[in-house]
Amino acid sequence: MNAATRPLLEIEDLKISFPTPTGLFHAVRGVSFSVGRERLGIVGESGSGKSLTGRAIMQLLPGNAHLSAKRLAFDGIDLLTASAKTLRSLRGARISLVMQDPKYSLNPVMTVGAQIAEAARIHGGVSKSEARLKALAMLEAVRIREPERVYQLYPHEVSGGMGQRIMIAMMLVPEPDLLIADEPTSALDVTVQLQVLSILDDLVRQRGMGLIFISHDLELVASFCDRVIVMYAGRMMEELPAHDLPAARHPYTRGLLNSLPRLGDQRAELATLTRDPAWLVEP
Amino acid sequence: MISVGDLTISFGAGSRSVHAVRGVSFSVGDGESFGIVGESGSGKSTVLRALAGLNKDWQGTATIGDVSAKVHQPRDVQMVFQDPYASLHPRHTVDRTLSEPLEIHGIGDVNSRVERALADVGLGAAFRFRYPNQLSGGQRQRVAIARALMLEPRVLLLDEPTSALDVSVQAEILNLLRRLRAERQLTMILVSHNLAVVAHMCDRLAVMNRGLIVEEMDVATLRRSEPREAYTRQLLVASKGYDRAVAAQMVTFD
Amino acid sequence: MSAWQARLLSDTPRSRGDARLGAIYRGWLQFRRNRLALLGLAIVILLILVAAFAPWIATHHPNEQNLAQRLLPPSSAHWLGTDEFGRDVFSRIVFGARITLYIVALVAVIAAPIGLLVGTAAGYLGGWVDAVLMRVTDVFLAFPSLILALAFVAALGPGIENAVIAIALTAWPPYARIARAETLTIRNSDYIAAARLQGAGTARILTRHIMPLCMSSLTVRVTLDMAGIILTAAGLGFLGLGAQPPLAEWGAMVSSGRRYILDQWWVATIPGVAIFVVSLAFNLLGDGLRDVLDPRQKK
C-alpha cells in the first residue's frame, strides 16, 4: 500500500484493561478500525470505552492501564513501538486531541492568545509576530467576534462556549493531520455547537484532515459524520455509513435510537433499552 | 397554581450587575406540566431557583398556590437538580438522604415511608443502605426524585433532570417522571435545552433568551414546527442535527 | 473471602451499621496498601499501649532517685542508662509516653472542634460573621505559635495543663482556615440546596451536612500537626515552661540532659530519639490517612 491510499490511522484488535482490587477490568476489548481523510464518528454510552479508544491513539492513558493491539499505526508509524521522542513530535503537531471540558486543558495563568501563539511557535517553527498573527487568524476562523480583545483574556474570563472554541483553535493551529475530538461540543448550546462543527467540517473538506468525532449524541453523529462506529462495553457493535444510522440493524443501536424522545411522535412511554449479555461476547 | 409576574433577577451590584432575568411573566395551572426552553445564560434555571426559594433576592411576583416563593414551605415545592453526581450528599446513605426530610418535619413511620419511596422510583430495598458512589447516574437521579417526593409536594421543579444521563437512562427517568406526575397529580416545571424532551414531557412551554421570554406556545405548535419567532425557529432547526447550510446562517439574537 | 468480608464489601448493605462498617473497611483496605502509613500506625498504637501499661513495662519507678547510680551508661540493669539523679531513663521514657499522649490528645480535642466550628460557621454564614471570625483567626495566625504559647504560659503559669491550653489556643486557626475553605466549596453545592429545600435549618446543615465533609481534611491536618504539637510541648518543656520536674516529659528530659551531652550522650539523646520517632510516626500516619480520606490530593 503506498502513502497516498494508506489510511491515516489503522487500529487492529485494540485492548485496554485496568487492574482493580477484584481483578482486571477490560475497558476496551478488541476494537479495529481505520480512519482516512474523513469524519469518523464513535458513539456509545458512558463506559463504552469510546474516550479511552481516542486517548489510546494519543498514547495518553492513565499509568496503570494495560494496552495491547495487533496494530496501532499513524501514517505508517507504529505507535506501539515509537520512541517517546517520536510520540512527542506527533502529538499536537500531527495528531491533536480536543476534550470536552476546556477549563482543565487551558493554562489558567496565560492569556488564551499567548497559549495559541505558543502552540503555533512550537509546532510551526514561526517567529513571535507571525505566531501572533496566526493565532488571531485562528481565533477568527473559530468565529470569535473580537479576536484582538479575546487574545488578551485569561481562561477564567471566557464563557464555556468560547473556551471550547479557543481549545479548538489551539489544537488546530499546528494544522494536524488527524484531530480526535472527544465530546467537543456537548457542553455547548445547539447553535454554537453547529458553528463549531462547521469549522471542523471545513477543515476536513479543505485541508483533508482526518477527524475522529467521539460523542454520545446519535443524531448529531448521524448528521455530521461520514462513517459511524457504535460501541458498547468496550466492543464495536456495528460500523456503518452515518446516513444509514437511523436504519441501523444491531439491537443495541436500535434500542438507543428508540429511547430518544422525538418532536414528531407522541408516544406516552419511551422504549427503554434491554441489554443483552450476548452483546458482550459475540463478535 | 404557579404565577410569575414581571420577575426580575440581577446578580452583583452597581455597574457590574448582570440582569439574569428581565421581567418574566407566566402562569402554570394546577396539574399542568410547563416547560422552559433556552440556551445557557437565558435565565431559565435562575427563574427555577427563585421559584424554589433558593434565591430570595428578586423583584416582581412569584407565587405558588398564592404563597410567595420567598416564604413557601418545603411541602409546597421541591426540586430535582441537573447533575445527579452533585445533588446527593457523598457521605450520606440513600436511607439517610430519604429519611432526613421526615426527621426535619417530625413525620413518623420512617421505615415504611423510605421503603415505599424507593419502590415508587423503581429502586429495590437493596439500594437503601448504599452510598452515592455505589450508584450509577440513573440510580442517583431516581434517589434525588424520591427525595423530592418524600414530603409529597404539589409542585415539582425539574432543572435539566436528564441532561447528564445517557439516552437509554434518560428514557427511563422521563418515563418515571411521567408516571409519577400522573399518579400524584403533580404540577411540574421542566427546564431544559432539549426541545424533544420538553415536547415529550410538557403541555405548554416558554422559550427564553437573554433573560426574556421570547414566546409561549403549546406543545402541539412545537410538534408542528410552527413557532412564531425567528429565535425559536433557529433553535428548532439547530436541534435537528448538523447541516452545513443551516450552520452558515446562524445568527445571534439579542 | 470469608463471610464477614463478603458482608462488609457487599454492594447491598442490610443496615445503616453495615453500610458504615463497609465504608470503613474499604478505607482500611486502601490504607493497608501504604506500607509507611502502616508503620506509622504501628508506632502510634505501640505508643498508646506503652502509655496504658507503663507501670508494668517500666523496670523502675520513673522518679526514684539513686544518686549512687547517676549517669550510668546503658546496661542490663538500666537498659537506657540513668540520668543525673540516677533515675532509670527507660522507665522515664515509658512514663513520658503518657504525658506526650495526654498533651497530643488534649490539644486535638480542644483545637480541632474550635477550628471546625469557627471555620464552618464563617464559611457558611458569610457576611459580617465571616469577617469577624476570620480577622480574629488572622490575629492568632500573625504570631509564631511557640511565642504565643510562651506568652500564654507566662500569663497562666508554667505546668502541663497550661501548656496544653496554650498550644491548643495557638493550634486552632489553621483548622479554621481549612474548614472555611472546604465550606466555601460545599456551600453552593446542589446537595446543600436540596437540604435547604427540605427545610433543614442552619444548625442542621452545619452539623449534619458540612462538618462531616470537613472532618476528613481536618483529621489529616491534625494528625500531621501532632508532630508539631509534640515538638512545641517538648520545646516548652525544654524551656522549663511545660511539665515541671520531676515529671518525666521528653522535652524536659532533653533539656536537663543537655549539660551532659558530651560525656553522657544517652541522657539527652534517648528522649530526643523518642520525640523524633513519634513525630515521624504521626506524619506517616497522616500521609496515609490523606490518601484514604482526601482522594483529591493523591498523586
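As the structure is a prediction and not an experimental result, all values here were calculated from the model.

A count of helical and extended segments in chain C gives twelve helices and zero strands. Based on the C-alpha atoms only, the size of chain C along its principal axes is roughly 75 × 55 × 30 Å.

With that settled, the discussion passes to the overall build of chain B. In terms of regular secondary structure, chain B is built from nine helices and ten strands. For 254 residues, the compact-globule estimate of 2.2 N^0.38 gives 18 Å, and the C-alpha radius of gyration of chain B, at 19 Å, lies within 12% of that figure. Viewed in the frame of its principal axes, chain B has a C-alpha envelope of about 55 × 40 × 35 Å. Scored against the burial criterion, the 254 residues of chain B give a buried share of 50%. In chain B, of all internal contacts separated by at least 6 residues, the share reaching a separation of at least 24 is 65%.

This brings us to the interface of chain B and chain A. The interface is formed by 29 residues belonging to chain B together with 29 residues belonging to chain A. When residues in the side of chain B that touches chain A are grouped by element, the largest group, six residues, is from helix α5 (residues 167-184) of chain B. Of the residues contributing to the side of chain B that touches chain A, the split by class is 15 nonpolar, eight polar and six charged.

So, on to the sheet that holds strand β8 (residues 187-192) of chain B. Residues and elements named next belong to chain B. Strand order in the open sheet formed by six strands is β6-β7-β8-β3-β9-β10, with mixed pairing between adjacent strands. At either margin of the open sheet sits one strand with a lone partner, and together these are β6 (77-80) and β10 (212-218). When strand polarity is set aside, the average angle formed by the axes of neighbouring strands in this sheet is 20°. Note that strand β7 (residues 155-159) and β8 share five bridges and pair parallel. Considered in β8, the bridge of D159 is made with V191. Docked against the sheet, helix α4 (residues 137-149) engages β6 and β7, running at close to 175° with respect to β6.

Residue and element names in this part refer to chain A. The terminal C-alpha atoms of helix α3 (residues 112-124), which comprises 13 residues, lie 18 Å apart, in line with the 18 Å expected from a rise of 1.5 Å per residue. Among all positions in α3, only V112, G113, Q115, I116, A117, A119 and A120 are buried. Turning to α3, the residues buried within the fold contact α4 (128-141), α5 (147-151) and α6 (160-172).

Take the nonpolar core next. Of all hydrophobic cores here, the largest spans 235 residues; its most connected members are I116 and A169 of chain A, L51, L157, I189 and L205 of chain B together with I167 of chain C. Among the elements that line this core, the one with the most residues is helix α5 (residues 89-125) of chain C, at 16 residues. Of the domains in this structure, domain 1 (1-94 + 177-283) and domain 2 (102-175) of chain A are the two that each give at least three residues to this core. In this structure, A169 of chain A is in contact with I116, M138, L139 and V142 of chain A, ignoring residues within four places of it in sequence.

So, on to the interface of chain C and chain B. With 22 residues of chain C at the contact, the number on the chain B side is 24 residues. Elements supplying a minimum of two residues to the side of chain C that touches chain B: α2 (16-31), α9 (190-197) and α10 (202-238) of chain C. A total of six residues in the side of chain C that touches chain B trace back to one element, the largest contributor, which is α9 of chain C. A class-by-class count of the residues in the side of chain C that touches chain B yields ten nonpolar, six polar and six charged.

Let us now look at the sheet that holds strand β4 (residues 59-64) of chain B. Residues and elements named next belong to chain B. Read from one edge of the open sheet, four strands run β2-β1-β4-β5, paired in antiparallel fashion. Taken across any chain shown, the strands that pair with only one partner, and hence form the sheet edges, are β2 (18-28) and β5 (67-68). As judged from the five bridges shared by strand β1 (residues 2-11) and β4, these two strands associate in the antiparallel manner. Bridging across to β4, I2 finds its partner in I64. Those strands touched by helix α1 (residues 44-52) are β1, β2 and β4, and its axis lies near 115° from that of β1.

Residues and elements named next belong to chain B. At D6, a position not held by glycine, the phi torsion is positive, near 50°. Examined against the element boundaries, D6 turns out to sit in strand β1. For D6, a count of 12 C-beta atoms within 10 Å translates into the label exposed. Positive phi values are uncommon outside glycine, yet R210 reaches one of about 50°.

This next bit is on the environment of L285 of chain C. All names here are of chain C. Looking at the secondary structure, you find L285 in helix α12 (residues 266-293). Classification of L285 by C-beta neighbours within 10 Å gives buried; the count is 27. Along the chain, L285 and I48 lie 237 residues apart, while their C-alpha atoms are 14 Å from each other. Excluding residues that lie within four positions of it along the chain, L285 makes contacts with A37, G40, L41, V44 and T223.

Time to look at the arrangement of the chains. Contacts between protein chains span two pairs of chains, and they are most numerous for chains A and B. The least C-alpha distance between chain A and chain C, which are not in contact, is 10 Å.

Regarding helix α8 (residues 230-238) of chain B, the residues found buried are Y231, T232, Q234, L235 and A238 of chain B. All buried residues of α8 of chain B fall inside an arc of 160° around its axis, so they share one side. Buried residues in α8 of chain B make contact with α7 (190-207) of chain A together with α6 (195-201), β9 (204-209), β10 and α9 (244-248) of chain B.

What follows concerns the environment of G92 of chain A. Residue and element names in this part refer to chain A. Summarising the element assignment, G92 is placed in the loop between α2 (84-90) and β7 (95-98). For G92, a count of 18 C-beta atoms within 10 Å corresponds to the partly exposed category. In contact with G92, not counting residues within four places along its chain, are A119, H123 and P174.

A few words now on the pairing of β6 of chain B. All names here are of chain B. Burial of the side chains of β6 extends over both faces: V77 and M79 are buried on one face and Q78 and V80 on the other. The pairing of β6 with β7 spans four bridges and is parallel. Considered in β7, the bridge of V80 is made with L158.

Before going further, it helps to spend a moment on the confidence of the model for chain C. Close reading of the predicted structure is inappropriate where its pLDDT is low. All names here are of chain C. Taken over all residues, the pLDDT of chain C has a mean of 87, while the share at 70 or more is 98%. α9 holds the highest mean pLDDT among the elements of chain C, 94, whereas helix α1 (residues 3-9) holds the lowest, 77. Model confidence for the complex is summarised by a pTM of 0.87, with the ipTM given as 0.90.

Cut-offs and rules
In this numbering scheme, every chain counts its residues from 1 along its sequence in written order. All chains are assigned letters beginning with A, and all ligands numbers beginning with 1, in the order in which they are written. The model is predicted, so local features are restricted to residues of pLDDT at least 70 and side-chain atom pairs to those at 80 or more, both for listing and for counting; the totals for chains, interfaces and linings are taken over all residues. Runs of E in the DSSP output that reach at least two residues are strands. Runs of H or I that reach at least four are helices, and both are numbered from the N terminus. Two things to know: the radius of gyration comes from C-alpha atoms, and the globule rule equals 2.2 Å times the number of residues to the power 0.38. Three exposure classes are used, all based on how many other C-beta atoms lie within 10 Å of a residue's own C-beta (placed from the backbone): buried at 20 or more, exposed at 12 or fewer, and partly exposed between those limits. By the convention adopted here, residues are in contact when the distance between their C-beta atoms, placed from the backbone, does not exceed 7 Å. Gly is placed with the polar residues, together with every amino acid not listed as nonpolar (Ala, Val, Leu, Ile, Met, Phe, Trp, Tyr, Cys and Pro) or charged (Asp, Glu, Lys and Arg). Two strands make a pair as long as DSSP finds a minimum of two bridges between them. Between N-to-C directions, angles cover 0 to 180 degrees, with each direction set by a line fitted to C-alpha atoms, over the stretch in contact for helices. To estimate how far a helix should reach, multiply one less than its number of residues by 1.5 Å. For this analysis, nonpolar core means a set of buried Ala, Val, Leu, Ile, Met, Phe, Trp, Tyr and Cys residues linked through C-beta atoms within 7 Å. Residue ranges for the domains originate in an automatic or database domain assignment. The directions considered for the arc are those from the helix axis to the C-beta atoms. Confidence scores here are pLDDT values: one per residue, from the predictor, ranging 0 to 100.

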